[in-house]
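Single-letter residue listing:
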Amino acid sequence: MTKNQTSITSVLLMSLSVDQETISVLFIFFLLIYLMTVFSNFLIILLVVTCAHLHTPMYFFLGNLAFLDMSYSSVTAPSMLSHLITQHWSISLSECIVQIFFVMYFAGSEVYLLASMSYDRYVAICHPLHYSQVMSWGTCTCIVSIVWLTALLVSIMYIMCLRILTFCGPPNRIWNFFCDLPHLLQISCTDTTINVLLGVIVGGIICTVAFVTTFYPYVMIFRTVLRIRTSDGKSKAFSTCTSHLTVVLIYYISITFVYLVPDTSNLLTLNRVVTVIYTLITPLLNPLIYSLRSKDLKAAPQR
């Protein structure tokens, strides 16, 4: 620790705007986005639980995805709205670490869950005769339990390594509107080698496995669909996985830009926009995409 640095107990988040009129518009806009996100995802959970014809593995996974989206948005949106209305962008270090834990937990769970949903679509299209045996309720429950438990263990591991660090200022600013791990590590005044290695090795392995298990089933799906002779059969097969593939692409494109593109001054504004899309807009898009593409889901409220 250098002489002009002192240990800090709070961090300063980046304000989205300094103009009062712009702040008011942003507050109303993000509040509406958050309320719509909570409502739409809660509605999907309610329909999946109460409608008997939605008691299938695909909608079981979709219900879990809706819960993750609602929870993930609730970790970042309420605090951001509070900061916008009060213009007090300071947050205690403990609150920052707690927010990082839940961001990692829900984001990690969604990565694993999307991979599980890809496998479900693979079995449904490539092995339809064995679908009920392979994707039994016991198997689905086991898969979801592994998803939640794996994300929990990985998040705890990251946070334990984060708690041994000391953070110094000035500056004690995080260049984001919520606490995230890479930006917090930048203001550490102790050696972050272990944290960086953990992110590279563990994060790299997990992301690679998740990426392969998410997209490889679609290679097999496309090969199977191309063998279908009738156009109606191809259209029906594609329609069963279009929604999920759209959600996967939006999620991976936004998360890749946020965490792999350098935070240079030229890209800082664009990075903030993509971060807003990744944390606030995507959890709203997911239920809308599935609602528009799924006839059973659209018909459920009428039933």
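Located above this text is the structure these notes cover.
Since the model is a prediction, treat every value here as computed from it, not as a measurement.

A look at the overall build of the protein
- Within the protein, the regular secondary structure consists of 10 helices and 5 strands.
- Of all 303 residues assigned to the protein, the portion counted as buried reaches 46%.
- A sequence separation of at least 24 residues applies to 79% of the contacts in the protein between residues at least 6 apart.
- A total of about 15,400 Å² of accessible surface is found on the protein, and carbon and sulfur atoms cover 70% of it.

A short note on the packing of aromatic side chains
- Using the criterion set out here, one finds 18 aromatic pairs in the structure.
- Centroid distance Y251 to Y252: 6.2 Å. Interplanar angle 80 degrees. Geometry classified as edge-to-face. Neither residue differs from the other here; Y251 and Y252 are each classed as buried.
- Aromatic ring contacts, followed pair by pair, group F67, F101, F102, Y105, F106 and W148 into a single cluster.

A short note on helix α2 (residues 57-86)
- The end-to-end C-alpha distance of α2, which contains 30 residues, comes to 44 Å, matching closely the 44 Å that a straight helix rising 1.5 Å per residue would cover.
- Of all the bends in α2, the largest measures some 35 degrees and sits at S74, one to four residues before the proline P78.
- With 21 of its 30 residues buried, α2 lies for the most part within the structure.
- Just beyond α2, the residue with positive phi is Q87, at close to 60 degrees.

Section: the sheet that holds strand β5 (residues 173-174)
- Across the sheet, which stays open at both edges, the 3 strands sit in the order β3-β2-β5 with mixed pairing between neighbours. At either end of the open sheet lies a strand with only one pairing partner, and these are β3 (90-92) and β5.
- One ladder, built from 2 bridges, connects strand β2 (residues 10-13) with β5; its direction is parallel. Its bridge partner being in β5, L12 is matched across the sheet by R173.
- Against the sheet, helix α3 (residues 93-126) engages β2, β3 and β5, with an angle of about 85 degrees to β3.

Regarding the state of the cysteines
- Considering all chains together, one arrives at 2 disulfides under this definition.
- There is a disulfide in this structure between C96 and C179, and the S-S distance comes to 2.1 Å. Between C96 and C179, the S-S torsion sits near -120 degrees, and that sign places the bridge as left-handed. Separated by 83 residues along the polypeptide, C96 in helix α3 and C179 in the loop between β5 and α6 (181-185) bring together distant segments of the chain.
- Each sulfur of the disulfide joining C168 and C189 lies 1.8 Å from the other. With the S-S dihedral at roughly 45 degrees, the linkage between C168 and C189 falls on the right-handed side. In this pair, C168 sits in strand β4 (residues 168-169) while C189 sits in the loop between α6 and α7 (193-227), placing the two residues 21 residues apart along the sequence.
- Residue classification places C168 among the buried residues on the basis of a relative accessible area of 2%.
- Each bonded cysteine in the protein gets a number by its place in the sequence, and the pairs come out as 1-3, 2-4.

Remarks on the nonpolar core
- V11, L162 and L184 are the most contacted members of the largest nonpolar core, which has 87 residues in total.
- Top contributing element to this core by residue count: α3, with 18 residues.
- Discounting chain neighbours no more than four positions away, the residues touching L162 are I97, I100, F167, L181, L184, L185 and N195.

A word on the pairing of β2
- Side chains V11 and L13 project from β2 onto a buried face, and the interleaved S10 and L12 project onto a face without burial.
- Note: β2 against β3, 3 bridges, orientation antiparallel. When the sheet's bridge partners are listed, L12 is paired in β3 with S90.

A word on the pattern of salt bridges
- Taken as a whole and assessed by the stated rule, the structure comprises 1 salt bridge.
- A salt bridge links D120 to R121; the nearest nitrogen and oxygen atoms lie 2.8 Å apart. There is no split in this pair, since D120 and R121 are both buried.

Conventions and cut-offs
Residues numbered from 1 in each chain as written. Predicted model: local features only at pLDDT ≥ 70, side-chain atom pairs only at ≥ 80, totals over all residues. Heavy atoms only, no water. Helix = DSSP H or I, 4+ residues; strand = E, 2+ residues; numbered from the N terminus. Buried < 20%, exposed > 50% of the residue type's maximum accessible area, 1.4 Å probe, protein only. Contact = heavy atoms within 4.5 Å. Areas by Shrake-Rupley, 256 points an atom, 1.4 Å probe, with all protein chains shown as cover. Phe/Tyr/Trp six-rings, centres within 6.5 Å; stacked < 30°, edge-to-face > 60°. Expected span 1.5 Å × (residues − 1). Bend = angle between axes of the 7 residues up to and from the residue. Pairing = 2+ DSSP bridges. Axes fitted to C-alpha atoms, helices over the stretch in contact; angles between N-to-C directions. Disulfide = S-S within 2.5 Å. Core = buried A, V, L, I, M, F, W, Y, C linked by side-chain atoms within 4.5 Å. Salt bridge = Lys/Arg side-chain N within 4 Å of Asp/Glu carboxyl O.

In short, geometric facts, not functional conclusions.
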